Amino acid sequence: MSTDWPAGYGRIIRDSVRSTLDEALLLAPETPGAFWVLAHHQTSARGRRGRPWSMPKGNFAATLLLRPDEPPGVAALRSFVMSLALFRTLADVTAMPENFAMKWPNDVLLEGGKLAGILLESTGQRGRIGPLAIGVGVNLRAAPSAHEVEEGALTPVSLMDRTGITITPEAFLDILAAHYAGLETQFTQYGFAPIRTAWLAHAARLGTKITARTGRAEMTGIFEDVDTDGNLMLREAAGLRRIAAADVFFTP
Ligand SMILES: O=C(O)CCCC[C@@H]1SC[C@@H]2NC(=O)N[C@@H]21
């Protein structure tokens, strides 16, 4: 599978870094434009809500650095853009799109287990977003053991264990970068609507009962939709609730 590297995006490969998120934000002032940073090893990788992110050897860890000139709420919708790019990359690599799904807000699942996670960070101030770093971790080769994830979280799975397919992080990045670039162009030209539609077509557990947990509350209801701002729409007995940020747990 050969893919042309997309025009307008830099590509930096490191052997070992603390975190590709840190590395990308560190390089941002001296590196022009948009660029990817891929690392073979991370000594201090992080996941959502400050959780550690375990990275067995051979897995994919990269960050895309962008410079959006938009309000933070719009820039943050790129978590959906990246999820969709990941979904399409995995569909290409495996030719088994039906085995993958996207979990709100931004995980990619393989046969119901967590294969990939995305974490957005930025250094913006006063309502404008600064450089935006989109960190992506994919268990290409090995999944962290189940006891490394919190109770109730989805079982981590790896691409190799579930499909027998091996791919190097560099080859995976080539395909992902091409998909992302195409979707980024679509996003900047047409906004969130087409991304949202494509995302919803492969959303995990849409229309079923789920639990959304924020730092302060736990809500259970039907996962009805994702609104035009990217909020989870949860149908509870008391009505429809829009949730901007939460961890989602699937109810058996
Ligand atoms: O699901 C999550 O909690 C998000 C995980 C994000 C992990 C990636 S690996 C590359 C980048 N560097 C980090 O330190 N984290 C992200």
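For clarity, every value in this text was computed on a predicted model and none was experimentally measured.

Visitor: Would you take a moment to explain the domain arrangement of the protein chain for this structure?
Guide: Interface size, as often reported, equals the accessible area lost upon joining of the parts. Here the protein chain is described as being made up of domain 1 (9-200) and domain 2 (209-250). With centres defined by C-alpha atoms, the gap from domain 1 to domain 2 works out at 23 Å. With 18 residues of domain 1 at the interface, the matching set in domain 2 holds 19 residues. Surface buried jointly by domain 1 and domain 2 totals about 1300 Å² across both partners, of which 58% is contributed by carbon and sulfur atoms. Looking at the side of domain 1 facing domain 2, the largest losses of area belong to Arg49, Trp104 and Arg196, adding up to 46% of the total buried there. Where domain 1 touches domain 2, the interface holds 4 salt bridges.

Visitor: When you look at the sheet that holds strand E2 (residues 34-42) in this model, what are you seeing that I'm missing?
Guide: Through backbone hydrogen bonds, the strands of a sheet pair up, either in parallel or in antiparallel fashion. Pairing within the open sheet is mixed, and its 7 strands lie in the order E1-E2-E3-E7-E6-E5-E4. Of all the strands in the sheet, the pair left with one neighbour each is strand E1 (9-17) and strand E4 (100-103). Each neighbouring strand pair of the sheet contributes to a mean axis angle of 20°, computed without reference to strand direction. In terms of strand pairing, strand E3 (residues 60-66) meets strand E7 (residues 132-138) through 7 bridges, oriented antiparallel. Bridge pairing links Leu66 to Leu132 in E7. Running at roughly 140° to E2, helix H1 (residues 20-27) makes contact with E1, E2, E3, strand E6 (113-122) and E7 of the sheet.

Visitor: Whenever I open this one, unusual backbone geometry confuses me. Can you help?
Guide: Negative phi characterises most residues that are not glycine, and trans characterises most peptide bonds. A cis geometry characterises the amide bond from Trp104 onward to Pro105, with omega recorded as 0°. Within the secondary structure, Pro105 is located in the loop between E4 and strand E5 (107-110). Despite not being glycine, Arg49 has its phi angle at roughly 55°, a positive value. Along the chain, the position of Arg49 falls in the loop between E2 and E3.

Visitor: Explanation requested: the sheet that holds strand E10 (residues 232-236) in the structure shown.
Guide: If you trace the 5 strands from one edge of the open sheet to the other, you get E11-E10-E9-E8-E12, paired in antiparallel fashion. With one partner strand each, in any of the chains shown, strand E11 (239-243) and strand E12 (247-250) form the two edges of the open sheet. Adjacent strand axes in the sheet meet at a mean angle of 45° when their direction is disregarded. Sheet analysis places strand E8 (residues 209-213) next to E12, joined by 4 bridges and oriented antiparallel.

Visitor: Any chance you could explain the nonpolar core here in plain terms?
Guide: Side chains that are nonpolar tend, in soluble globular proteins, to be buried together. In terms of nonpolar packing, the biggest core is built from 65 residues, with Trp36, Phe60, Trp104, Phe172 and Tyr180 touching the most fellow members. Composition of this core by domain shows at least three residues from each of domain 1 (9-200) and domain 2 (209-250). Residues within four places of Phe172 in sequence aside, it is in contact with Phe60, Leu86, Thr89, Leu90, Val93, Val138, Leu140 and Ile167. Core analysis: the next-biggest nonpolar cluster, separate from the first, contains 10 residues, Ile12, Phe35, Leu65 and Ala133 among them.

Visitor: Before we go on, may I ask you to explain the pairing of E4 in this structure?
Guide: Looking down a regular strand, the side chains alternate between one sheet face and the other. Of the two faces of E4, both are covered, the one formed by Phe100 and Met102 as well as the one formed by Ala101 and Lys103. One ladder, built from 4 bridges, connects E4 with E5; its direction is antiparallel. Bridging across to E5, Met102 finds its partner in Val108. Hairpin connection, E4 to E5: the antiparallel pair is bridged by 3 residues.

Criteria and cut-off values
- Going along each chain's sequence as written, the residues are numbered from 1 onward.
- Predicted model: local features are reported for residues with pLDDT of at least 70 only, side-chain atom pairs are reported and counted for 80 or more only, and whole-chain, interface and lining totals are derived from all residues.
- As a rule here, side-chain values cover all heavy atoms of the structure and leave hydrogens and water aside.
- Domain borders in the structure are assigned automatically or taken from a domain database.
- Two residues qualify as a contact provided that any one of their heavy atoms is within 4.5 Å of a heavy atom in the partner residue.
- Computed with a 1.4 Å rolling probe, the buried area is the accessible surface lost when two parts are put together, summed over both parts.
- A carboxyl oxygen of Asp or Glu within 4 Å of a side-chain nitrogen of Lys or Arg is what we treat as a salt bridge.
- For two strands to count as paired, DSSP must find a minimum of two bridges between them.
- By definition, any uninterrupted DSSP run of H or I lasting at least four residues is a helix, any uninterrupted run of E lasting at least two residues is a strand, and each is numbered from the N terminus.
- Lines are fitted to the C-alpha atoms to define the axes, a helix being fitted only along its stretch in contact, and any angle between axes, read from their N-to-C directions, falls within 0 to 180 degrees.
- Throughout, nonpolar core names a set of buried Ala, Val, Leu, Ile, Met, Phe, Trp, Tyr and Cys residues whose side chains join them through atoms within 4.5 Å.
- Relative accessibility thresholds used throughout: buried, under 20% of the residue-type maximum; exposed, over 50%; partly exposed, between the two (1.4 Å probe, protein chains only).

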